[in-house]
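Working through the structure, step by step
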Amino acid sequence: MKKQVQALFREIYGDHPHIRTFFAPGRINLIGEHIDYNGGYVLPAAISLGNYVAVAHRKDSTIRMYSQQFPDSGVIQLSLDQLDYRSKHSWANYVKGIIQELLIRKYPINHGFDMVITGNLPRGVGLSSSASIEVLVATMLDHLFHLNLSKETIVEIAQYVENHYIHVQCGIMDQFAITFAQKNHAMLLHSTTQKHAMIPLNLSGYNLVVVNSKKERSLIDSQYNTRKNECEKALMILKPHFHVKYLCDIDYESFISRLDLFKTNELYLRRARHVITENLRTRLAADALMQHDLHRFGELMLESHYSLKSDYEVTSAELDALVELGMNSGSIGSRMMGAGFGGVTLHLVKDNDFARFTQSVSHGYHHRFDIEPDIFIIDTSDGAHELIDVRE
Ligand code: GLA
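1. Thoughts on the environment of Lys-183
Turning to its location among the elements, Lys-183 is positioned in the loop between helix H5 (173–180) and strand E7 (185–190). By relative accessible area, which is 40% here, Lys-183 ends up partly exposed. Not counting chain neighbours up to four residues away, the residues in contact with Lys-183 comprise Thr-380, Ser-381 and Asp-382. A distance of 3.1 Å separates a polar atom in the side chain of Lys-183 from the backbone oxygen of Thr-380.

What follows is the structure in structure tokens.
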């Protein structure tokens with residue numbers, strides 16, 4: 001891929017003596033969904049699919065950007081003082097947002113550059129393509145302009161841009177995993193303290209398998225922000241009695257003992273119940289992983305899905321069907337993954353069962369929805385980095 005992205009650079013802009021290339025992965029989340037903005041634990045890992053950028057300095061203050069995934073947008077050209085959000089710039093807004101935020105914080109980005117992006121990460125399906133671009137660009141600028149950004153700062157800026165420039169109120173999981181991940185590990189991350197522990201992914205004969213429902217995630221951004229607001233309302237109801245800052249600061253037993261507080265607010269009760277039980281499941285799942293108890297892990301994945309379906313209401317008919325088909329086709333744990341409302345599901349499938357799984361899930365899903373799902377085994381990856389002398 002390094003050669004490919006460099007070749008793309010030359011095709012678009014001509015040759016340049018100093019082209020540098022960087023990679024940022026996508027991520028999966030094994031369990032812990034919709035709790036990173038509620039002070040809980042999540043369990044992500046970075047994956048080998050991701051975004052690649054090739055970039056070279058310019059002497060003036062012009063920035064030129066091209067994405068092979070958005071060929072119709074062509075080369076987007078602007079100058080360092082034209083960084084405000086513009087919807088017609090689609091993908092390039094992620095790049096502009098990061099540059100603008102770095103400039104606001106007085107980092108010396110004092111001349112322009114030419115860049116091209118390509119990649120193999122499916123977009124908008126729950127594998128964090130936008131966080132991947134944000135972290136990719138921050139990592140690239142860090143190296144290009146010798147900014148000396150810590151990884152924590154990269155994460156913070158990338159999340160800030162998503163929240164305040166793109167206006168999606170995401171939590172910290174995606175940017176953190178994409179920056180800090182280690183190959184062959186999942187990361188148990190506490191979303192407010194940012195304490196994290198790497199857990200080796202010894203899946204002894206099992207694979208993590210992603211199925212892309214190819215169902216577009218319509219209204220995802222507004223629904224995501226709505227869920228976040230609902231959690232804030234649920235917290236307001238509980239706060240006077242528990243004196244906590246986040247829903248995940250309340251343990252399950254204490255929560256269950258005060259369900260009376262939700263008398264007239266059944267919706268908020270369900271939202272809070274998902275958050276508090278999912279936080280518990282994530283810690284139990286991390287324990288199960290450390291003890292190589294994959295069957296227990298799988299059970300918790302399935303419980304997570306049902307909670308996201310009934311209490312949090314972020315699944316869809318397609319995701320529910322894929323989970324059901326997966327569990328009937330050899331998976332020992334299946335759940336929707338990411339923000340939901342379409343996108344992908346994650347499954348734990350034994351090596352020997354993979355062919356049967358693929359065949360039977362594809363067949364069943366096609367039969368019901370007339371769509372051929374994409375099914376692939378996940379390889380994990382390190383976090384974002386420069387590609388230097390990688391043999392391919
Ligand atoms: C998106 C957000 C994350 C997280 C997940 C749901 O991926 O970017 O911060 O909230 O949804 O778990």
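2. Considering the site of the ligand
Residues in contact with the ligand, as listed here, are Arg-27, Glu-33, His-34, Asp-36, Tyr-37, Cys-170, Gly-171, Met-173, Asp-174, Tyr-224, Gly-338 and Ala-339. Between the ligand and the protein, one listed contact pairs an oxygen atom with a side-chain N or O atom of Asp-36 at 2.6 Å. Between the ligand and Gly-171 there is a distance of 3.0 Å, counted from an oxygen atom to a backbone nitrogen or oxygen. Protein coverage of the free-state accessible area of the ligand, which is 310 Å², stands at 92%. Looking at side-chain class alone, the shell around the ligand contains five nonpolar, three polar and four charged residues. Each of two domains, domain 1 (2–200 + 381–386) and domain 2 (206–378), supplies a minimum of three residues to the shell around the ligand.

3. Observations concerning the sheet that holds strand E3 (residues 44–57)
Ordered by their spatial adjacency, six strands build an open sheet running E5-E4-E6-E3-E1-E13, and the pairing between neighbours is mixed. With partners counted over all chains shown, the strands left at the sheet margins are strand E5 (76–79) and strand E13 (385–386), one partner each. The pairing of E3 with strand E6 (residues 113–119) spans seven bridges and is antiparallel. Residue pairing for E6: Val-53 is matched across the bridge by Ile-117. Strand contacts of helix H2 (residues 92–104): strand E4 (62–67), E5 and E6, with the helix running at about 145° to E4, the strand carrying the most contacts. Relative to the sheet, helix H3 (residues 129–144) contacts strand E1 (20–29), E3, E6 and E13, its axis offset from that of E1 by approximately 150°.

4. Looking at the pairing of strand E8 (residues 196–200)
By the bridge criterion, five bridges tie E7 to E8 in an arrangement that is antiparallel. Residue pairing for E8: Leu-189 is matched across the bridge by His-196. In textbook terms, the turn of a hairpin is the stretch between consecutive antiparallel strands, and for E7 and E8 this stretch comprises five residues, one of which, Gln-194, has a positive phi near 65°.

5. Digging into the pattern of salt bridges
With the rule as written, the count across this model stands at 20 salt bridges. Linking Asp-260 and Arg-258 is a salt bridge whose minimum nitrogen-to-oxygen distance equals 2.9 Å. Overall, Asp-260 belongs to the partly exposed group, its relative accessible area being 40%. Note that Glu-313 and Arg-270 form a salt bridge whose closest N and O atoms lie 3.1 Å from each other. You can see Glu-313 sitting in the loop between helix H9 (294–310) and helix H10 (317–327) and its partner Arg-270 sitting in helix H8 (residues 266–290), a full 43 residues away along the chain. Judged by relative accessible area, Arg-270 falls into the buried class, the value being 14%. Among the charged side chains, a salt-bridge network with shared partners connects Arg-227, Glu-230, Glu-266, Arg-270, Arg-271 and Glu-313.

Each value, and the rule that gives it
- Residues numbered from 1 in each chain as written.
- Predicted model: local features only at pLDDT ≥ 70, side-chain atom pairs only at ≥ 80, totals over all residues.
- Heavy atoms only, no water.
- Helix = DSSP H or I, 4+ residues; strand = E, 2+ residues; numbered from the N terminus.
- Buried < 20%, exposed > 50% of the residue type's maximum accessible area, 1.4 Å probe, protein only.
- Contact = heavy atoms within 4.5 Å.
- Polar contact = N/O pair within 3.5 Å; in protein donor to acceptor, adjacent residues only side chain to side chain.
- Near = heavy atom within 4 Å.
- Areas by Shrake-Rupley, 256 points an atom, 1.4 Å probe, with all protein chains shown as cover.
- Nonpolar A, V, L, I, M, F, W, Y, C, P; charged D, E, K, R; others polar.
- Domains from an automatic or database assignment.
- Pairing = 2+ DSSP bridges.
- Axes fitted to C-alpha atoms, helices over the stretch in contact; angles between N-to-C directions.
- Salt bridge = Lys/Arg side-chain N within 4 Å of Asp/Glu carboxyl O.

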